[in-house]
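# A closer look at the structure
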Amino acid sequence: MALSAAVVILPLGVLFFISGLVVNLFQAVCFALIRPFSKNTYRRINRALAQLLWLELVWLVDWWAGVKVFGHSSAQSVNFAGKEHALLVSNHRSDIDWLVGWVLAQRSGCLGSALAVMKNSLKVLPVIGWSMWFSEYLFLERSWAKDEYTLKTGLLQLEDFPQPFWLALFVEGTRFTKAKLLASQEYAASTGLPVPRNVLIPRTKGFVTAVSHMRSFVPAIYDVTVAIPKGSPPPTMLRLIMGQSSVVHVHLKRHMMKDLPETDEAVAQWCREMFVAKDALLDKHLAADTFSGQEQQDIDRPLKSLVVVSSWTCLLVMGTLKFLQWPSLLSSWKGIAFSALGLAIVTVVMHILIRFSQAEHSTAAKVVPVKPKTSGESSESGQDKQQ
């Protein structure tokens, strides 16, 4: 990590790490003392606690890096957002798509109840992974034999969720890269599927399971397409921390859950067709450098995240001043070593967070080429079978 980056990362890391541990502590206490007696009371409290942490990352997007997020959606979709349970299905275009989703959720008033299906290794990530676990994110191992029960159980537990929630599902299974696109194109050509140009082939088993278990209590699917305009560098966690801006375009289309077909195979085909439509939409975006046909909406940055970060900063500064008043802190080797160890831990945690967010370090689910299907064979793809 370059020295210039470390100079910026360290103070931001200290702020995020210390405030996050405070939030994690309160989440753990509430989980142990309140959840056994009232799950919904715990969820309401945890929603407020999680927002105190998530708003720091929203601040990073809005105020520190000044990322411009432009929304493209119908007035009806905007009116329903944040007022209903929704299954959010997005392409996985950039390293911070999940964070763009948090920005949209914050604007819609449901940041504290924004959930996602994540890879299992993320739940051990200090601060952010722990907070996700307390907030009932669903963590999968990318092995359907292991994940089927976990996913079904987690989805059913959301039925009595007391506030409107969004559950984000990235059905491509991994972040988009040129190498992964080439693998998807080769796979599609070998199996008779439409060859993608801007997306990866969706793995539909998780989507089918989500629809079948959430159909009765989730009224809508939010079909989200993320694109980066030509003149903007792709946003990354490191660019955000360094205060470097980007532009992100987000297209949202609302589908009624009741309009989806009934059978699992038909739902899987609906998902594949949705991504074929996303692919065509991204072709148009590539040509016009915008999502044409709908008015572009500049998603204004609110003051709430700025107030939260300012409050955490004041508390941290006061705590640091008290800490430095200890006479033995910097006057002994033990005190110096203790302080250096704390800063080293923060630096390592921030490095891990940045590394986890990078697409080049993500792994794709294994794709095993299969023979092109003949008439009468199931249209389930070999990619789905890997899940």
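Described in the following lines is the structure provided in the data block.

Cut-offs and rules
Residues numbered from 1 in each chain as written. Predicted model: local features only at pLDDT ≥ 70, side-chain atom pairs only at ≥ 80, totals over all residues. Heavy atoms only, no water. Helix = DSSP H or I, 4+ residues; strand = E, 2+ residues; numbered from the N terminus. Contact = heavy atoms within 4.5 Å. Expected span 1.5 Å × (residues − 1). Buried < 20%, exposed > 50% of the residue type's maximum accessible area, 1.4 Å probe, protein only. Arc of directions from axis to C-beta. Pairing = 2+ DSSP bridges. Axes fitted to C-alpha atoms, helices over the stretch in contact; angles between N-to-C directions.

### Structural notes on the environment of G206
Take G206: it is sitting in helix α8 (residues 205-214). Considered as a pair, G206 and E148 are 58 residues apart in the sequence and their alpha carbons are 8.2 Å apart. Among residues more than four places away in sequence, those in contact with G206 are W144, L151 and L169.

### Thoughts on helix α6 (residues 144-157)
Taking 1.5 Å per residue as the helical rise, α6 with its 14 residues ought to reach 20 Å, and the 19 Å between its terminal C-alpha atoms agrees with that figure. Taken together, the buried positions of α6 are occupied by W144, D147, L151, G154 and L155. One side of α6 holds all its buried residues, which, seen down the axis, span an arc of 105°. In α6, the exposed positions that point more than 90 degrees away from the buried face belong to A145, K146 and Y149. Looking at the buried residues of α6, the elements they touch are β3 (114-119), β4 (138-140), β5 (166-169) and α8.

### Points about the sheet that holds β4
Across the sheet, which stays open at both edges, the 8 strands sit in the order β4-β3-β5-β2-β6-β7-β1-β8 with mixed pairing between neighbours. Both outer strands of the open sheet, β4 and β8 (296-298), are each paired with one neighbouring strand and no more. Each adjacent strand pair in this sheet contributes to an overall mean axis angle of 25°, direction not counted. Strand contacts of α6: β3, β4 and β5, with the helix running at about 175° to β4, the strand carrying the most contacts.

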